[in-house]
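Per-entry structural report
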Amino acid sequence: MTHEQAKTSIGERFGGAQVESAFAGATADKPGSAEATAGKGVALTVTVPVDQWTAFARFAKDTLGCRFFSFSTAVDWKEQGLEVVAKVDNVDTGLSILMKSKLGPGVSECQSLVPVFRGADWMERECYDMFGIRFDGHPDLRRILLGDDWVGHPLLKSYAVDTPHPPYR
């Protein structure tokens, strides 16, 4: 599936999705290079509502052929809330999809991608550990980097850096 076909297919299936594309090697003096025109190195950034997070992941895998799960992380936008980010790739066609979903202020729950991509398992556990995001449907959601006695989630911007945590005083 080409870059343009993917954009069209996403727009038809997920009307509420915001789709943007960027050429990884584009510069101000070469915005329309041959690589960008051919779709090579182009990443589609697709922002979907949180209730369509898993459905879009399934669509990306089954319809767009993005079977490689690259990574998952989160961003704390302070007052705007948390945003979940995942990247999936179609290694045969070179299509990359950067999936995003804003959880909103005070919301820290999202559907798990583990039923779609097994590789999301430990990355979602890391997001839970660092950001406190609860992934509904995750088979083993528990801390992966910090001890069970750790209080808080260190990558939240509201986390007090100088808070003493045993045994680190």
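Residues numbered from 1 in each chain as written. Predicted model: local features only at pLDDT ≥ 70, side-chain atom pairs only at ≥ 80, totals over all residues. Heavy atoms only, no water.

By the bridge criterion, 8 bridges tie strand β3 (residues 68–76) to strand β4 (residues 82–90) in an arrangement that is antiparallel. Residue pairing across strands places F71 opposite K87, the latter belonging to β4. Counting the residues between successive antiparallel strands, the hairpin from β3 to β4 contains 5 residues, one of them, K78, with a positive phi of roughly 55°. (Pairing = 2+ DSSP bridges. Helix = DSSP H or I, 4+ residues; strand = E, 2+ residues; numbered from the N terminus.)

All right, on to helix α1 (residues 3–13) then. Looking at α1, one finds that the buried residues are H3, A6, S9 and I10. Buried residues of α1, viewed axially, fall in a sector of 125°; they line one side. (Buried < 20%, exposed > 50% of the residue type's maximum accessible area, 1.4 Å probe, protein only. Arc of directions from axis to C-beta.)

Attention now goes to the packing of aromatic side chains. For the structure shown, the criterion picks out 4 aromatic pairs. Note on F14 and F59: the rings are 5.3 Å apart at their centroids and 70° apart in plane angle, and the pair reads as edge-to-face. Separated by 45 residues along the polypeptide, F14 in the loop between α1 and β1 (18–23) and F59 in helix α3 (residues 53–62) bring together distant segments of the chain. Residues F14 and F59 agree in their burial class; the two are buried. Taking 5.4 Å as the distance between ring centres and 35° as the angle between the ring planes, the aromatic pair formed by F69 and F117 counts as tilted. Of this pair, F69 sits in strand β3 while F117 sits in the loop between β6 (109–111) and α4 (121–131); the two residues are 48 residues apart in sequence, bridging distant segments of the chain. As far as burial versus exposure is concerned, F69 and F117 are alike and both buried. By the ring-pair criterion, three or more aromatic residues cluster together here, those being F14, F56 and F59. The cationic tip of R13 hangs over the ring face of F14; the distance from NZ or CZ to the ring centre is 4.6 Å. Between the NZ or CZ atom of K61 and the centre of the ring of F117, over which it lies, the distance is 5.3 Å. (Phe/Tyr/Trp six-rings, centres within 6.5 Å; stacked < 30°, edge-to-face > 60°. Lys NZ or Arg CZ within 6 Å of the ring centre and 35° of its normal.)

Geometry only, nothing functional implied.
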